[in-house]
Amino acid sequence: DEVRGAVESEGDDAEGARRERIEEEVGDVLFSVVNLARKLRVVPDVALVAAASRFRRRFEYVEAEMRRRGKEMNATELTLMDRLWEASKGR
C-alpha cells in the first residue's frame, strides 16, 4: 500500500519528491524481503543470483523462439511472448 501510495502521489516538485518517496518505499520492501529470507535461512544474494539466472534463461528462450518464428520482440507480440515465457518455465 505504501509503494502504491508513493507511485500515485504527486510531489510539490513533481518527479523529484515522488521519485524519492518511491525509492524509499521500494527500499523498505527490499529490506523486508532480505529479512524474510534470513528468517527462512535463505542466503538473500544467492537466491537473487539464482532468480536472475532463471530469468535470463527464460528470456533467452523467448528471444530464440521469436527469432525462429520470424517474429519481432515488440508490443504487438506480447501474447505470444507471454505464452513462450510460460513454456520456458516447463523446460
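Residues numbered from 1 in each chain as written. Predicted model: local features only at pLDDT ≥ 70, side-chain atom pairs only at ≥ 80, totals over all residues. Heavy atoms only, no water.

Chemist: Pulling in residues and values, what's your account of the packing of aromatic side chains?
Modeler: Within this structure, the stated rule accounts for two aromatic pairs. Aromatic side chains F55 and F59 sit 5.9 Å apart centroid to centroid with 15° between the ring planes, which places their arrangement in the stacked category. Of the two residues, F55 and F59 both sit in helix α3 (residues 44-68), four residues apart, roughly one turn of that helix. What makes F59 partly exposed here is its relative accessible area of 33%. Judged by centre distance (5.3 Å) and plane angle (55°), the rings of F55 and W85 are tilted. In this pair, F55 sits in helix α3 while W85 sits in helix α4 (residues 78-89), placing the two residues 30 residues apart along the sequence. The exposure class of F55 is partly exposed, given its relative accessible area of 47%. Connected via pairs of aromatic rings, a cluster forms that spans F55, F59 and W85. (Phe/Tyr/Trp six-rings, centres within 6.5 Å; stacked < 30°, edge-to-face > 60°. Helix = DSSP H or I, 4+ residues; strand = E, 2+ residues; numbered from the N terminus. Buried < 20%, exposed > 50% of the residue type's maximum accessible area, 1.4 Å probe, protein only.)

Chemist: Give a detailed account of α4, specifying residues and quantitative values.
Modeler: For α4, spanning 12 residues, the distance from its first C-alpha to its last is 17 Å, which sits close to the expected 16 Å at 1.5 Å a residue. Regarding α4, the residues found buried are L80, M81, L84, W85 and S88. Taken around the axis of α4, the buried residues stretch over an arc of 140°, which confines them to a single face. Turned more than 90 degrees away from the buried face of α4, the exposed residues are T79 and R83. Lining the buried residues of α4 we find α3. (Expected span 1.5 Å × (residues − 1). Arc of directions from axis to C-beta. Contact = heavy atoms within 4.5 Å.)

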